Amino acid sequence: MTVLSLALREGTAEAHTLAEHTAFMKCFVRGLITPSLFRQFLANLYFVYTALEAALANTESMRPIYFPELNRSGQLAEDLAFYYGDNWRDQITPLTATRVYLSRIHDLAQSDPLLLIAHSYTRYMGDLSGGQALSKIVRSQLALPEGEGTAFYEFPALPTPEDKKAFKQRYRETLDSLGLDEDAIARIVKEANFAFALNCNLMHALEPELKATLGDAVWQSVVIENQPSRREHPRPAAVAV
Ligand code: HEM
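These figures come from a predicted structure and were not determined experimentally.

About the thresholds
Residues numbered from 1 in each chain as written. Predicted model: local features only at pLDDT ≥ 70, side-chain atom pairs only at ≥ 80, totals over all residues. Heavy atoms only, no water. 1 Å grid on protein atoms, 1.4 Å probe; cavity = no way out; pocket = protein on both sides within 12 Å on 5 of 7 lines; lining within 4 Å. Points joined across faces, edges and corners; volume = space filled by probe spheres on them. Helix = DSSP H or I, 4+ residues; strand = E, 2+ residues; numbered from the N terminus. Nonpolar A, V, L, I, M, F, W, Y, C, P; charged D, E, K, R; others polar. Salt bridge = Lys/Arg side-chain N within 4 Å of Asp/Glu carboxyl O. Buried < 20%, exposed > 50% of the residue type's maximum accessible area, 1.4 Å probe, protein only.

### Quick look at the layout of surface pockets
Taken as a whole, the largest pocket spans an internal volume of roughly 810 Å³. Forming the walls of the largest pocket are 33 residues, and the residues nearest its centre are His16, Glu20, Gly126, Gly130 and Phe196. Those elements that provide at least two residues to the lining of the largest pocket are helix H1 (4–11), helix H2 (13–20), helix H3 (23–29), helix H4 (35–58), helix H8 (116–128), helix H9 (130–141), helix H10 (161–176) and helix H11 (182–214). Among the elements that take part in the lining of the largest pocket, H8 stands out by supplying 6 residues, more than any other. Residues that form the lining of the largest pocket fall into these classes: 14 nonpolar, 11 polar and 8 charged. Space inside the second largest pocket adds up to approximately 280 Å³. The wall of the second largest pocket is formed by 16 residues, among which Gln132, Pro159, Thr160, Pro161 and Lys164 lie closest to the centre. Listed by contribution, the elements that provide at least two residues to the lining of the second largest pocket are H9 and H10.

### Points about the pattern of salt bridges
This model, assessed by the stated rule, comprises 5 salt bridges. Residue Glu60 pairs with Arg63 through a salt bridge whose shortest N-O separation is 3.5 Å. Of the charged contacts in the structure, one is a salt bridge between Glu69 and Arg170, with a shortest N-O distance of 3.6 Å. Of this pair, Glu69 sits in the loop between H4 and helix H5 (73–84) while Arg170 sits in helix H10, and the two are 101 residues apart along the sequence. With a relative accessible area of 27%, Glu69 lands in the partly exposed category. Owing to a relative accessible area of 41%, Arg170 belongs among the partly exposed residues under this scheme.

Next up, the structure:
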């Protein structure tokens, strides 16, 4: 019998590698992100989480996998006030790639809410995992004042690494207790690959500005090194949005 949490982990491993190897993420982990790019990234994620969290909260059948302690939109609002100022709401608009992401979440909430599981998994499990290292990198890169600018990566209800680890286990057990059949599991894994692709597209949309800021030489050196082979890591078909 297929177990959903394992199927998701194994079935999105290649998509995860591709997401880690976007030029945006490569620059991020090398401490090359700029304040302008970081705040745009957070602003676009704010739109994504606001849509996702409304969809999860308002869909009766999603109750078992709705964990308000994971919610990111309030945390992101704090960061946006820090980076843009009090009138941050008037200064942010979603990129086209983000609008595509949002319309997918809205469509699923209306017509196929089961697949919201894939979107919840892709974002929150990532935030609880690699997101924690990204926080340290950006704090040092942007020389942020104590306690400001990375609320997105903080989970007040899960403050320690042990809390996060235990929660991820609980999340996986919750997924596995849903008792979904093979067909439903296959559809959720396919949607999770699509969710990774939507995230990659959001990051790709920020790359032209990053490239212009860093200059061609730095850009080429970061982007070319450790490029995953396309044969080993083919893009999911769903990437074409
Ligand atoms: C440089 C960027 C990234 C790094 C270094 C990174 C690192 C990691 C690590 C180390 C784990 C394993 C944690 C564990 O086993 O407990 C993980 C898991 C995960 N990451 Fe990432 N990640 C990155 C980018 C992303 C992105 C962009 C997404 C999605 C948008 C993502 C989604 C996930 C998910 C869903 C998991 C959970 C896998 C599972 O256990 O089922 N990651 N990441």
